[in-house]
Amino acid sequence: MVEVKVKQGRLSGEVVETIIGDGKYYSFKGIPYAQPPVGKLRFKAPLPPLPWEGVRKATEHGPICSQMCIFQNTILCGSEDCLYLNVYSPDIKPASPLPVMVFIHGGAYKSGSGNDDSYGPDFLVQHDVVLVTLNYRLETLGFLCLDTEEVPGNAGLKDQVAALRWIQDNIGSFGGDPNNVTVFGESAGGAAAFLHVVSPMSKGLFKKAISMSGTPSCDWSVAFAPQKRAFILGKILGFETNDPNELLDFLQSLPVEKLLGTNPTVLCFEEYDKNIMKFYHFTPVVEKDFGKEHFMTEDALEALKNKRINDVDVLIGYTSEEATLGIDTFEQSYIERVNRYPELLAPRKILNQCNPETILEVSKRIHEYYFNGKPLNTDLMKEFVTFASHAYFVYDIHRYILQLPKVGDGRRYVYKFSCLSGRNIYGNPGQKYGIQGASHLDDVMYLFNGKKHNLKLEKDTKEYELVNFVCTVFTNFAKYGTPTPDSSLGITWPEYDNSTKAYVEIGDTLTQKTAPEAEAVAFWKSIFEYAGLEF
């Protein structure tokens, strides 16, 4: 056992050997970073953590947040008392403070946790960084919006801010440097990392941000009529009112499981849009400005255009075959449904803002571009995965890359991840369709030891080399603000700008390239222009 002191009291952690057996690290799990958001605190911004007496045991994770798992489609009750983080450090008394990497998990703001069943620290801590993983409130509990001062939305993002503030106050006790914090995340976690880049609440809490496979304008991150959706939630749960305070009292009175996995559709087409890569009910929102602290009161893309962003270094990218993850869903029903209702090919941004004639024409153009107008079935799975990768990830990521302003000293780097090995477990469904590449979530397997997958990692294997290589790239960025501070990885990674469009492919080696997915990005830009929307 090992003890450290934080502002709230003393913690007792443990020393753990890595899965590879090549080192040890200090582990402190289940540390409360905010008060339990229960009772009348449900849906509201988190409050600072309370102190405790004596020594608090920190050898087990705190409860996961109550949720509906998007992969198993089952309710995991967890607990509303879930605002806990985990700190893993290679050295709690280093000669000089270590860089800190704070990971925000994905799961469409609906499921997941920071626990080591998916995000074990074994690989990253061997690169002399302190790793923090965390839980934040999900779905209705984290993203209900009533457009009121009490519940303006984004409680789950404010949880993350509370964790970042706790890190500023306490990470020094674990050997970490509060002045060198990198926020990074994958999927919804990547979108959240980018939201922290534009949020005034997050200013000064970190120096670098990594967005993996996600931005705030991806279809699965877009909010539509969030207050109306909240009232519809009340209606389907048996309570109709026009008063947000009455609705709040009602929703706070319900057992938590009633709030999970609901389907408060605002428009009837949403009933058919059940795609795990496209549509979720409770996501980040632009808050009304009540003159108090807020997470964001303007759209993230607008903030970029207006250069209202935090001065931080940014690394942003995606995997080579993102949508391979969705093949099971595509096979079961979705391709057949899209063949029946081709307007489902259109982005949600267009479905929500354009007239039916425009939507049908947009759908026709997308159908022609990706499928040559052929009827959709599983024979076109390879093409459908390409379409879905572009539609739900790639073009929106490029919208952000194109808008990223140069503010202060902030550097910009872009990557495409294409590593292939036995660790690419999420891309396995693509094999029978001849799809070779890294799926959504495959990149995470090179940064974290996901215990639930029971994947061995042995020295003198390709997997071991790739894990070490990928961790070096990401931790270099966290340490130095560039993935290649010297020549040891074979290239000097160029900064991205809109003239050269230089990026780097992360495969068995680093390969410098230019203008990723240029043709597809140009196509989607033309779609938005036809629809009369800004790209």
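Before any of the text, the structure's been laid out above.
Residues numbered from 1 in each chain as written. Predicted model: local features only at pLDDT ≥ 70, side-chain atom pairs only at ≥ 80, totals over all residues. Heavy atoms only, no water.

## With respect to the pattern of salt bridges
Line of reasoning, step 1. The final tally for this structure, using the stated rule, is 26 salt bridges.
Line of reasoning, step 2. When the shortest N-O distance is used, the salt bridge between D116 and K29 registers 3.1 Å. Of this pair, D116 sits in the loop between β8 (98–104) and β9 (130–134) while K29 sits in strand β3 (residues 24–32), placing them 87 residues apart in sequence.
Line of reasoning, step 3. Of the charged contacts, one joins R165 and E293 as a salt bridge, the two residues approaching to 2.6 Å between their closest N and O atoms. Separated by 128 residues along the polypeptide, R165 in helix α2 (residues 155–170) and E293 in the loop between α5 (244–253) and α6 (300–305) bring together distant segments of the chain. (Salt bridge = Lys/Arg side-chain N within 4 Å of Asp/Glu carboxyl O. Helix = DSSP H or I, 4+ residues; strand = E, 2+ residues; numbered from the N terminus.)

## Observations regarding the packing of helix α7 (residues 327–340) against helix α10 (residues 381–403)
Line of reasoning, step 1. In the contact formed by α7 and α10, the axes pass within 12 Å of each other and the chain directions differ by 90°. Here α10 runs roughly perpendicular to α7, going by the angle between their axes. Across from I327, F330, E331, Y334, I335 and V338 in α7, the residues of α10 making contact are M381, F384, V385, A388 and Y392.
Line of reasoning, step 2. Here the residues of the contact of α7 with α10 are counted per class, giving 10 nonpolar, no polar and 1 charged. (Axes fitted to C-alpha atoms, helices over the stretch in contact; angles between N-to-C directions. Parallel < 35°, antiparallel > 145°, perpendicular 65-115°, else oblique. Contact = heavy atoms within 4.5 Å. Nonpolar A, V, L, I, M, F, W, Y, C, P; charged D, E, K, R; others polar.)

## Quick word on the nonpolar core
Line of reasoning, step 1. Grouped together as the largest cluster of nonpolar side chains are 175 residues, with contacts concentrated most on F387 and I506.
Line of reasoning, step 2. Ranked by the residues each element gives to this core, the list is headed by α10, at 13 residues.
Line of reasoning, step 3. Beyond its immediate sequence surroundings of up to four residues, F387 is in contact with L345, I366, Y370, F371, Y392 and W524. (Core = buried A, V, L, I, M, F, W, Y, C linked by side-chain atoms within 4.5 Å. Buried < 20%, exposed > 50% of the residue type's maximum accessible area, 1.4 Å probe, protein only.)

## Quick look at the packing of helix α9 (residues 356–371) against α10
Line of reasoning, step 1. Running from amino to carboxyl end, α9 crosses α10 at an angle of 125°, the nearest separation of the two axes being 9 Å. Classified by the interaxial angle, the pair formed by α9 and α10 is oblique. Along this stretch, α9 crosses α10, giving a crossing that reads as right-handed. Within the contact between the two elements, α9 uses I366, Y370 and F371 and α10 uses E383, F384, T386, F387 and H390.
Line of reasoning, step 2. Looking at the contact of α9 with α10 residue by residue, the classes come out as 5 nonpolar, 2 polar and 1 charged. (Left-handed = near helix turned anticlockwise from the far one by under 90°.)

Geometry only, nothing functional implied.
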